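Now for the letters of each chain:
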Amino acid sequence: MAKKQLQTAIIHSDYQAPDGFGAFPVAIHHASTVLFKNVAAMRARNWQEKNSYTYGLHGTPTSFTLEARLAEIEGGQHCLLAPSGLAAITMVDLALLKSGDDVLLPDNVYNPNRDLGNWLARDFGITARYYDPLVGAGIVDLIQPNTRLIWTEAPGSVSMEMPDIPAICRAAHAKGVLVAIDNTWSAGLALRAFDLGVDIVMHALTKYQSGGSDILMGAVITRDAALNQRLQTAHMRLGFGVGMDDAYLVLRSLPTMKMRFEAHDAAARKIAAWLKQRPEISRVLHPAFADCPGHDIWKRDFTGAAGLFSVVFNDRYSEEQTDRFVDSLQLFKIGYSWGGANSLCVPYRIQSMRSNWQDKGILVRFNIGLEDPQDLIADIEQAFAVM
Ligand SMILES: *Cc1c(COP(=O)(O)O)cnc(C)c1O
């Protein structure tokens with residue numbers, strides 16, 4: 001070939017990096033276009049197979065490595081990344097449900113999952129029905145011939161009831177229905193969901209896998225290849241991909257996840273125990289405490305707990321007072337999401353979120369970060385005094 005013009009040479013450089021570079025971090029491989037050696041190689045590759053690369057949207061070595069590590073943590077075989085936890089939930093629903101089908105969701109499901117169910121029901125000819133998260137084996141009575149999927153969440157969002165996953169799986173499988181779990185709270189560390197019979201594990205990696213309050217990402221993990229292929233088709237149809245810089249940051253956080261999780265757990269239990277003996281608080285909704293519905297199931301199925309729990313204030317306190325409590329906190333910031341180093345606090349109007357909530361006290365959720373727990377307790381104590 002003739003000598004290249006400068007503009008071409010800038011793009012087609014002949015430089016090749018030497019082989020043999022070694023370092024711990026996984027390289028960040030960005031790509032839209034993936035190159036093929038020749039036409040035959042291009043034709044031989046299939047986006048459905050994870051043994052080769054076809055197009056950046058379907059992954060690069062960076063995202064494939066993250067998927068493999070997440071599958072390993074969870075005890076699964078296959079993993080697909082999505083641009084958020086909610087996108088991962090949507091991928092599961094759109095992969096497994098079609099017009100005429102029915103999906104069952106726990107009454108304490110992550111609220112945007114409920115909104116998705118209601119949207120599918122309103123506009124897509126699917127029925128979405130809600131069950132008591134403590135229904136256990138009684139779920140069998142709710143399963144219809146057109147029921148295709150049962151969502152579980154352990155514990156459920158905000159009110160923290162703990163479902164009997166094995167009982168739900170047995171009833172579902174007896175009728176050929178798939179079970180998915182939103183396993184974000186356990187980070188895949190404190191609950192072996194596949195061993196309890198679950199078919200699909202979903203995570204908001206936004207939480208502990210990221211750990212930095214800076215990433216939005218989700219994952220769907222399975223053991224079954226055929227099931228993974230159905231999910232992968234939805235992943236493709238939806239055009240889901242993740243940024244490789246973000247995938248790298250999650251990879252960078254994973255080695256410390258177990259230690260962070262244990263630190264969040266220990267601090268949260270210490271603070272929850274302190275709250276438990278305070279007159280301002282009527283109930284501590286943390287699965288490790290007997291006040292929490294499903295506490296015995298947590299003891300049976302879990303090896304630890306996250307740093308996320310809720311409390312119900314004594315009903316002599318008005319919403320104005322509990323709002324003042326939250327506003328008076330200094331170390332605890334007000335904001336959604338959780339799983340980072342910073343502690344957070346959010347009040348919820350739980351009565352409007354549940355079909356049958358009896359408690360009159362105001363519910364407040366705490367995310368315990370990685371600050372010193374004594375400082376967090378002192379912060380809560382001064383905010384109680386202002387309230
Ligand atoms: C945060 C969260 C999600 C959604 O994750 P995003 O990445 O914020 O979309 C889903 N389920 C649970 C239990 C969560 O806490």
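Residues numbered from 1 in each chain as written. Predicted model: local features only at pLDDT ≥ 70, side-chain atom pairs only at ≥ 80, totals over all residues. Heavy atoms only, no water.

**Things to note about the overall build of the protein chain**
Alright, step 1. Of regular secondary structure, the protein chain possesses 12 helices and 11 strands.
Alright, step 2. Relative to a compact globule of 387 residues, whose C-alpha radius of gyration would be 21 Å, the protein chain shows 23 Å and is just as compact.
Alright, step 3. For the protein chain, the spread of C-alpha atoms along the three principal axes comes to 85 × 50 × 35 Å.
Alright, step 4. When contacts within the protein chain are restricted to residue pairs at least 6 apart in sequence, long-range pairs at least 24 apart make up 71% of them. (Helix = DSSP H or I, 4+ residues; strand = E, 2+ residues; numbered from the N terminus. Rg over C-alpha atoms; globule rule 2.2 N^0.38 Å. Contact = heavy atoms within 4.5 Å.)

**Examining the domain arrangement of the protein chain**
Alright, step 1. Domain assignment breaks the protein chain into domain 1 (39-251) and domain 2 (256-386).
Alright, step 2. In this structure, domain 1 and domain 2 have C-alpha centres spaced 27 Å apart.
Alright, step 3. Summing both partners gives a buried area of about 2,900 Å² for domain 1 against domain 2, and 65% of it is carried by carbon and sulfur.
Alright, step 4. Of all residues in domain 1, Val158, Trp185 and Tyr208 give up the largest surface area on contact with domain 2, accounting jointly for 30% of the area buried on that side. (Domains from an automatic or database assignment. Buried area = accessible area lost by both parts, 1.4 Å probe.)

**Things to note about the UniProt feature "modified residue: N6-(pyridoxal phosphate)lysine" (unreviewed entry) in the protein chain**
Alright, step 1. Here the UniProt feature "modified residue: N6-(pyridoxal phosphate)lysine" (unreviewed entry) sits at Lys207.
Alright, step 2. With respect to the helices and strands, the residue lysine 207 is situated in the loop between strand S6 (200-204) and strand S7 (218-222).
Alright, step 3. Residues contacting lysine 207, with those up to four places away along its chain left out, are Thr184, Ser337, Trp338 and Gly339. (UniProt positions renumbered as here; feature names shortened; annotations may be inferred.)

**Quick word on the site of the ligand**
Alright, step 1. Taken together, 14 residues lie around the ligand, and Gly85, Leu86, Asp182, Thr206 and Lys207 are the ones closest in.
Alright, step 2. Leucine 86 places a polar main-chain atom, nitrogen or oxygen, 2.9 Å from an oxygen atom of the ligand.
Alright, step 3. In the model, a nitrogen atom of the ligand is placed 2.6 Å from a nitrogen or oxygen of the aspartate 182 side chain.
Alright, step 4. Compared with its free state, where it exposes 380 Å², the ligand has 90% of that area covered by protein.
Alright, step 5. Sorting the residues of the shell around the ligand by element identifies helix H4 (85-96) and S6 as the ones contributing at least two each. (Near = heavy atom within 4 Å. Polar contact = N/O pair within 3.5 Å; in protein donor to acceptor, adjacent residues only side chain to side chain. Areas by Shrake-Rupley, 256 points an atom, 1.4 Å probe, with all protein chains shown as cover.)

**Comments concerning the environment of alanine 87**
Alright, step 1. Mapped onto the elements of the fold, alanine 87 is located in helix H4.
Alright, step 2. Of the residues examined, alanine 87 reaches a relative accessible area of 10% and is grouped as buried.
Alright, step 3. Remark: the alpha-carbon pair of alanine 87 and aspartate 224, spanning 137 residues in sequence, is separated by 21 Å.
Alright, step 4. Dropping the residues within four chain positions of it, alanine 87 is found in contact with Ala82 and Phe240. (Buried < 20%, exposed > 50% of the residue type's maximum accessible area, 1.4 Å probe, protein only.)

**Considerations on the nonpolar core**
Alright, step 1. Judged by nonpolar contacts, the single largest core of 91 residues is most densely connected at Trp185, Leu275, Phe309, Phe325, Phe366 and Ile380.
Alright, step 2. It is helix H9 (residues 257-276) that contributes the most residues to this core, 8 residues altogether.
Alright, step 3. Residue-level mapping places this core at the junction of two domains, with at least three residues from each of domain 1 (39-251) and domain 2 (256-386).
Alright, step 4. Ranked by size, the runner-up nonpolar core spans 29 residues in total, among them Met91, Leu116, Leu227 and Phe240. (Core = buried A, V, L, I, M, F, W, Y, C linked by side-chain atoms within 4.5 Å.)

**Digging into unusual backbone geometry**
Alright, step 1. Here alanine 154 and proline 155 are connected by a cis peptide whose omega angle stands at -10°.
Alright, step 2. Mapped onto the secondary structure, proline 155 falls in the loop between strand S4 (147-153) and helix H6 (165-174).
Alright, step 3. Within the chain, valine 158 stands out as a residue other than glycine whose phi angle is a positive 70°.
Alright, step 4. With respect to the element layout, valine 158 can be found in the loop between S4 and H6.
Alright, step 5. Positive phi, normally seen in glycine, also occurs at serine 337, with a value near 70°.
Alright, step 6. Here serine 337 falls in the partly exposed class, since its relative accessible area comes to 30%.

**What to know about a nonpolar patch on the surface**
Alright, step 1. A grouping of Leu6, Ile10 and Ile11 is seen on the molecular surface, where their side chains present a nonpolar patch of about 360 Å² in accessible area.
Alright, step 2. For isoleucine 10, a relative accessible area of 56% corresponds to the exposed category. (Patch = residues over 30% accessible without salt bridge, like charges linked within 9 Å, V, L, I, M, F, W, Y side chains within 5 Å. Salt bridge = Lys/Arg side-chain N within 4 Å of Asp/Glu carboxyl O.)

**Quick word on helix H12 (residues 373-386)**
Alright, step 1. Taking 1.5 Å of rise per residue, the 14 residues of H12 would be expected to cover 20 Å, and the 20 Å separating its terminal C-alpha atoms lies within 8% of that figure.
Alright, step 2. Taken together, the buried positions of H12 are Pro373, Leu376, Ile377, Asp379, Ile380, Ala383 and Phe384. Seen end-on, H12 carries its buried residues on one side only, within an arc spanning 155°.
Alright, step 3. If you follow the buried residues of H12, they end up packed against H9, strand S8 (281-285), strand S9 (308-313), helix H11 (319-328) and strand S11 (363-367). (Expected span 1.5 Å × (residues − 1). Arc of directions from axis to C-beta.)

**Focus: the sheet that holds S11**
Alright, step 1. Pairing is antiparallel in the open sheet, where 4 strands are placed in the order S8-S9-S11-S10. Each edge of the open sheet is held by one strand with a lone partner, namely S8 and strand S10 (344-348). Each adjacent strand pair in this sheet contributes to an overall mean axis angle of 25°, direction not counted.
Alright, step 2. As paired elements, S9 and S11 share 5 bridges and run antiparallel to each other. Paired with serine 310 across the bridge in S11 is arginine 365. (Pairing = 2+ DSSP bridges. Axes fitted to C-alpha atoms, helices over the stretch in contact; angles between N-to-C directions.)

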